[in-house]
Amino acid sequence: MEEADNGCEWDVASDTCELATEQLSSDEETDGKEEDDFKTDDFKDGEVNEFPDLEWLEELYQENDSDDDLAGEPGDEKQRTFSATARMFKLRRNLDQLDNFHRQKESALLKAREDLNRLHHSIESLLEQRDVLEREIENQEAAKNSVAVIRLRAQQKNLCYELQREEEIEAHTNNELRQQELELSEVELEVGKFSMLRQEVQEEERVFQILKAQNAVQRLQQEKNNSHTLQLKIQNLKNFDRRNSDMLEKMGTLSEKKTEDGRTNRKVGAKYLKETIRRMQQQEVEREQKKRESMQKRIQAVKLLKSNIEATQENLRVRHSRAKANTLKKERQQKRLKESLHAQGINSTRHIYQQKRDEEMKQKQEEFKERQKARRLEIVEKLVEEEQLVKSRKAHQAPLPKTKTGHKILSPGRIREKLLRYLDSVHPSGTERDTTLRNFSASGSSSESEYQEDIIPKEMQHPSLPDSLEEPEFCGLWDQKFKLPLNEKTHLTPTEVKREPAVVYRKLSTTPKKVGGKQIKGPSFTSKPEVILFKDFEVGETYKKKVILTNISYITNHCKFLGISAQLQDFIMINFQPPGPLSTGMSCEMQITFHPSINEDLEGEVDFASAAGRFSVHVRCTIKRCDLEVDNQFIDFGSHVMGQIISRTITLTNKGALATRFSLDTTKPVPEIHQVQMPSHRSADTQQDTICADQNQSSASVATRELHNMDHVLDKSSVSRQCQRESQVSAADPRSASVSSGMHAQIAEGFSDSCDIRIGNVREGDIGPFESVKLEIIFSPTVPGEVKLDLYIKFSDPTSCPIAILVKGEGVGLPVWVVEPNIDMKICMFDHLYQEVVTLQSSTSRALKLTFDLWPEMRKHMEIIPRTGFLQAQSSFTAHLKFVPRNTLPQDANKYFDSATSVLEVPMAVQVAGQVQPVIYTVQAIVTSSDLKFGQSEVDFGYCSIYQSVKSSVRLTNMSLLPQEFGFVGLPEFVDVQPNDGFGTLLPQETLEIDIIFSANKAKEYRFHLSCKSGINRVFPLACRAMGVCPTLALSHSLVQFGPTAVGDHSTALLYLTYNQTVRNQSKQRPSAGARLFSFTPPQDSSISITPAAGRLLPGKRCLVLVTFKPKLEDRDIKEEALRLLLKAKQTNEEDIKKLLEEEAKREAEPNKGKKLSKSSKMSDFSKTATPIETPPPDNIDAGGQRFEEARASLLHSFTSRYSEYTIPCFVSDGDPPEEDRQTQPTWSPLNTVYLKLQCPAVQPPLVVVSSNIRNYALDFHQVAVGERVIKRFSAQNISEESLELRSSLLDIYGPFSLLNSLRGIGPGEKHTLVLAFCPTLEKKYCETLEVRCQKMTLAVTLRGEGIVPAITSSHSGGLLDFGYVMEKESTSQVLKLQNSSAVAVGFKAMLYSLSPSKTQGADEKVALLLGGYTDSKIQPVVGTHNYNGLSVFSVQPVEASIAARQSQDVVVTFHPDHPSVNYSDRLTIELVNKTKLCVLDLRGAASAHNMYLNGGDPLTVPIESLLPPLITSQPELAGQSEEMEIPVLVTLRASYSMGTIRPAVRELQIGCIRASKKGSDFLWDNLASLQQRGFSVEPSKGSVEAGSRHTIKLTWTPQSGHKPNEVVQMCVPLTVKGDETRVYNVTLMALVSTHVD
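Model, not experiment: these values are computed from the prediction.

Caption draft 1: The arrangement of the overall build of the protein in detail. Counting its secondary structure elements, the protein contains 20 helices and 79 strands. Burial analysis of the protein (1638 residues in total) assigns 34% to the buried set. Once local pairs closer than 6 in sequence are excluded, the contacts in the protein between residues at least 24 apart make up 72%. Looking at the protein as shown, the accessible area adds up to about 101000 Å², and 52% of this sits on carbon and sulfur atoms.

Spelled out as structure tokens, the structure:
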């Protein structure tokens, strides 16, 4: 990157001023060497390569060198070389740079002089202010106003300080002015030096132009020569082609001959091929014939099957309708029965249930009798068959010998007779059963017989009833299934139908009944009137009617009133006196009073009872309704000439008693939606009936549509009557259908009067009951041709359907017409001329005068030439229409112009002489503006640095409806317009963003205008202003172009921020010359980081700035990707569930073809049991979770290249904060702001991390104990299409992190695992970066970890751990508790010295003990006696473990000796994982064979067991020996002698008891008197020891008087110890006096 920066340093950081300075100044670039002039030697041939733009010049001279004619011209005596020309261009460039530098110096001098003048004025004003303050101070002192004096002196002090600063700045400015004048003089001197060189260059340029013109002439001549040569070549080619044509003809003859031969061979082959094809076609025809025959057979079979199906369907339909009628009849009968029982005060539900139970019982009895009869017949048939079988066998078999036994065997005939006799006795005969059935059917009601008829087929459908106990002996044809013949009277009733009890009463007309020996058919009474009708009743009124009932039967009958229907009980009152017996023809009267309280249709019956049965009189009550009709629904006006007015009248009549409001218009009525209450499907019969009804309705609708096509009017009338009937039916039964009320109250007010057929004055009104209204319809033809119009009469009554009326008429055209009656001018712009032609055609045989009319509003905008003319017979006339829309068109012709749509529609007329109606034509146009509108009137670029460019966007809108071209012309040199350099085309109403780029070349204020010119040469100005400034700080590069950087990698760029002390801002506020503070402000959450982001820069210094681009994935995109993956997984899961269900359904459908599976129910059950994948919102996805990392990996695998640009401002302060308060923020001026532009392309990374333990490119080891080593792994995958060679950066060799494996090359799609270890040595946090490098990127992984010192404490601090005495082959344990107070788990090891591999190092100590060092009791070996089995006597559990954070661990130490010894010892060391020793314990223990032991005294043997025999051995007990054991014990008592005083010697012995014994635990000293004589004393002399405790015996020796110092006193005393065994210790007391102090 640094090489790239150095390569472009000249283009980015330098300007023309610096270039001139570098080449002309002798102090800065040549290190003291002066360049007085440019010599030709400085331009050598090797410098030509530095100018890539002079390649064309080199080619020019190469052509000149190769051209002899150009070199030989007399006008060019000196041949110019390429180096001389290059030198000329280089000199011209340097001279131009020198001139620019001279102009810059002049401008700088002028600016310095202006600054100096401004300072002079400032100083003068400050001096005047100081004088004024001094006078005010004198005045205030004279007035003795101390407060004002203090304030004025403070102001004077500040003013003096400012005056001093201004003077210093003036001095500094004078110095700069003198310096500028000096530099300008030097530059002018340099310009003067090169005046001769300038003339030379001008002369060389003139010569070069001449040479260039000569080369052009020469090249033109050369092109002419080349064209002549080319023509010659073409002529030669033509001759060559002519020679080749003869050869081609010969070859063509040969090829034709070969073609003819091939054609003959093909004819022969085609002959045989035709025969083969004919045979194949014949075979194909035969196969096709067979196929057609088989297809015809199939068609016949299908037709037969179809006819059978239709017949079956028809039969089923009849049965279903019959069953439905029976069901409805039974429901009505049941309803009547309930009403009658309720009127009599009987519980209808109980009665019906009891009746149903009785009927079921009777039915079961009859079924049982039928089965018994059938079984009896079957048995008889079987017996007959068996008898015949026996006879046939007898005929074929020989006669058997007679038996001699006395038993009598019955013959089969006798058996059959007995069986029949038994059956006759048990069951009634067939005649008796028939009689019983007849009696039952005669005594039962007709409803019961019908109910039985319905039950019989039900039993036929359900034959699985309980059978009788009497089973046939043999099976025969009666067990086979039979098919029910179609002629049987069976009614198929589905099992879903709920049976209801039959009605008790019957109509006389339905069932014949015998009364008095006579059979009565039909009703016994008739009523007059037959139907009691209350028509057009009103609520609140009372209506009465008389009804006469006449006996029409042939017997004397009576009539009894039972009741009326439930729906009529609240409104009708019956006045009826029973007349008693009535003879035939006699009548009685009944009065019915009707008092309505609701406005609804009512219908019911009045029930009576007679001797012949029950009968009823129908009652119907209807409300007022409208009955509307017209006298004619089709009006034909016939043919009439245009302009005539003809009228027809139709009459609307209301035959009903209800008034309504009507309206006549052309609006088609909207069909009303009937909300019908669907009946509950009780059975399959009702469903099929509904389907049949729907089919009938659909067929009826098809027929209706056909009828509508045939006769429109008749169809509409029939439809209206049908709608009226349906409305009446729906109103009569409101429970079955609720008709949506309403008629469209809106009438077609905007009915167009320009239509040929229109309605008269009466369009709406009220029509009363039994009234009529006349409606007028007018026909006035305006357009030739037939006209039809549908009119509709609508009514406010919701029950009245609209009436359709068809109106028809024909108009005859005019003799003169306009060829194009609609002249469309398309889209026109204001203030532009548009022309069109108006052509009129005549069909008459004479000439006519024409006059073109023009509306006064359009005279400013439209003109017709000529206004008057003559149209010849049967010819045409043409006029020109000129249209120039002005801006005042919307105001002048607002009647014809629509401002909202910009549409102009002007009706024009042409007056024809002798013709009443003028010729009408219409001029149409869309008038639009041609303006281009800017979004803002002025563009303010603000402050713009001379090193930067400022972009401002302006919205340019095309206000026209036509596309317009535009272009910004006459742009200043410091302004650029994009896109397309400010040129383009705007579509209609399109708005385009125009970017205006301003680049200030000087620090001054800019005010200018931009001109946007449209395609019609209209100019639209745009005002602009800006302030050019020169910032104090400057960047070495204002544009940084990063290379393609992979996601996860980073790229860096180095820049310099320089303090340019010589530059001054041209602003009203004068900046300070001190240090400046700067601050870069990159966008938040971007991939850009700048170091340092802020700082302080001194004058003349520069600061190194590091810009880093590290592309990354946004968290929002990753969360959205995670959500998408979850949704995809959910969808996949649902698809898998569907597939599983489909497979399961297929598997279950194979064995269960007859069963219908409910896939939806299974889907619902499976969806309930399946656990759906929850989709959390994107905000709830954890930024470091598994889903987040999976989404990141998915985005990296599918990442596409992206490009982003950033413009980062660098804010620069006007100076340091004030010295009084450094915390105060300094002033930041926008004049000093510097901008840095970054171009950042990001590409897909070839290497990604695919491990789950990596979070955001960081591997965290978390907290680890110091000294412990933790290993973690992560994998890197190559997702590119190329192989990658992996390399890694070096980790700190003294740090805690280390890479354990080497890196290798991986191919596309392969992975490589890196193994890292973390082993902290100190308690602190560690962080290091591991870079995995490949050819295209560097993958940086941050390694983190924290070292924690383990805080482990032990319940035992260390030292001696004594287990005491233990019985041999028994064990005891002690527990050490280890507490972990740290935040991490810590491992430890418990090590015994006896099991350590390093224990052999203590061999020297053991040898010393064995050779005589045992006399010192203080010496004790680390490892003592072992068990006989060679194992250590001590054991530890656990040996190795880990203590969790804030937890504890128990370490159990067990002492288990297998033989008696007092030399058991070992050393336990608890060591942590980091090799730190927690504690060291010396383990001691002793074992005894008995429960009593003696501890103390001097050692008599070495402290370890060896292979040598012991010094003192105890004789083993002999068998049967009764003497007690004697164990030697030595106790040495040393009395101290000092300063003539002897201190007694004291020793202690301890007697302990391990466990209690039956004999007791006692001890006893013998021969104590002899001990006291020698100065010894024992306390206590005897005692007992409790189990598990010790008793201390104190031995004291006091030397007697006259004792010699060097004399040793020795005594032996037996000590008897009684426990589980009595033991005697022979205690030897040895006493002496010592002068050494222990």
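Caption draft 2: The arrangement of the packing of aromatic side chains in detail. Per the stated rule, a full pass over the model turns up 31 aromatic pairs. Taken together, a centroid distance of 5.5 Å and an interplanar angle of 70 degrees make the contact between phenylalanine 576 and phenylalanine 608 edge-to-face. On the criterion of sequence distance, the pair formed by phenylalanine 576 in strand β7 (residues 572-576) and phenylalanine 608 in strand β9 (residues 602-610) is long-range, its members being 32 residues apart. Residue phenylalanine 576 is classed as buried on the basis of its relative accessible area, which comes to 11%. Each member of the aromatic cluster is reached from another via a ring pair, and the members are Phe525, Phe561, Phe576, Phe608 and Phe615. Lying across the ring of tyrosine 1056, arginine 1102 places its NZ or CZ 3.9 Å from the centre. Here lysine 1272 stacks its cationic end above the ring of phenylalanine 1261, 5.7 Å away from the centre of that ring.

Caption draft 3: Broad picture of the pattern of salt bridges. Overall, the coordinates contain 39 salt bridges when judged by the stated rule. With a shortest N-O distance of 3.0 Å, arginine 661 and aspartate 766 are connected by a salt bridge. Taken together, the residues arginine 661 in strand β14 (residues 660-665) and aspartate 766 in strand β18 (residues 764-767) connect sequence positions 105 residues apart. Here arginine 661 falls in the partly exposed class, since its relative accessible area comes to 38%. Across the salt bridge formed by glutamate 1120 and arginine 1116, the nearest N and O atoms sit 3.7 Å from each other. You can see glutamate 1120 and its partner arginine 1116 sitting in helix α16 (residues 1115-1149), 4 residues apart, about one turn around the helix.

Caption draft 4: Region of the structure containing the sheet that holds strand β26 (residues 862-865). Taken in spatial order, the 4 strands of this open sheet run β22-β24-β28-β26, and their pairing is antiparallel. Bordering the open sheet on either side are β22 (816-818) and β26, each of which pairs with just one other strand. The average angle at which neighbouring strand axes cross in this sheet is 25 degrees, direction not considered. As defined by bridge partners, β26 adjoins strand β28 (residues 876-883) across 4 bridges and the pair is classed as antiparallel. By the bridge assignment for β28, methionine 862 is matched with phenylalanine 883.

Caption draft 5: A nonpolar patch on the surface, seen in detail. A contiguous nonpolar surface patch, about 350 Å² in accessible area, is contributed by Met247, Leu248 and Met251. When you line up the elements, methionine 247 lands in helix α8 (residues 195-344).

Caption draft 6: Representation of the pairing of strand β60 (residues 1338-1348) in the model. Across the 11 residues that make up β60, a large majority, 8, are buried. Looking at chain direction, strand β52 (residues 1258-1265) and β60 are connected through 6 bridges and run parallel. Its bridge partner lying in β60, alanine 1265 is registered against isoleucine 1348.

Caption draft 7: α16, seen in detail. The terminal C-alpha atoms of α16 lie 51 Å apart, and with 35 residues this matches the ideal 51 Å at 1.5 Å per residue to within 8%. Ile1118, Lys1119, Glu1121, Ala1122, Leu1123, Leu1126, Ile1137 and Leu1141 are the residues of α16 that are buried.

Caption draft 8: Region of interest: the environment of leucine 1303. On the secondary structure map, leucine 1303 appears in the loop between β56 (1297-1299) and β57 (1305-1306). For the pair formed by leucine 1303 and arginine 1287, sequence separation is 16 residues and the distance between their alpha carbons is 6.2 Å. Discounting residues that sit within four places of it in the chain, leucine 1303 has contacts with Leu1286, Arg1287, Ser1288, His1312 and Leu1314.

Caption draft 9: Just the sheet that holds strand β62 (residues 1359-1367), in detail. Across the sheet, which stays open at both edges, the 5 strands sit in the order β62-β69-β68-β64-β66 with mixed pairing between neighbours. The strands lining the two open edges of the sheet, one partner per strand, are β62 and β66 (1440-1443). Within the sheet, the average angular offset between the axes of one strand and its neighbour, ignoring direction, is 25 degrees.

Caption draft 10: How the structure looks around the pairing of strand β40 (residues 1019-1029). Of the strand pairs in this sheet, strand β33 (residues 938-945) and β40 are connected by 6 bridges, and their pairing is parallel. For cysteine 944, the partnering residue across the bridge sits in β40 and is glycine 1028. The sheet contact formed by strand β39 (residues 1005-1014) and β40 spans 9 bridges and is antiparallel. For arginine 1007, the partnering residue across the bridge sits in β40 and is arginine 1025. In textbook terms, the turn of a hairpin is the stretch between consecutive antiparallel strands, and for β39 and β40 this stretch comprises 4 residues, one of which, asparagine 1017, has a positive phi near 70 degrees.

About the cut-offs
Residues numbered from 1 in each chain as written. Predicted model: local features only at pLDDT ≥ 70, side-chain atom pairs only at ≥ 80, totals over all residues. Heavy atoms only, no water. Helix = DSSP H or I, 4+ residues; strand = E, 2+ residues; numbered from the N terminus. Buried < 20%, exposed > 50% of the residue type's maximum accessible area, 1.4 Å probe, protein only. Contact = heavy atoms within 4.5 Å. Areas by Shrake-Rupley, 256 points an atom, 1.4 Å probe, with all protein chains shown as cover. Phe/Tyr/Trp six-rings, centres within 6.5 Å; stacked < 30°, edge-to-face > 60°. Lys NZ or Arg CZ within 6 Å of the ring centre and 35° of its normal. Salt bridge = Lys/Arg side-chain N within 4 Å of Asp/Glu carboxyl O. Pairing = 2+ DSSP bridges. Axes fitted to C-alpha atoms, helices over the stretch in contact; angles between N-to-C directions. Patch = residues over 30% accessible without salt bridge, like charges linked within 9 Å, V, L, I, M, F, W, Y side chains within 5 Å. Expected span 1.5 Å × (residues − 1).

What is shown is where atoms sit, not what they do.
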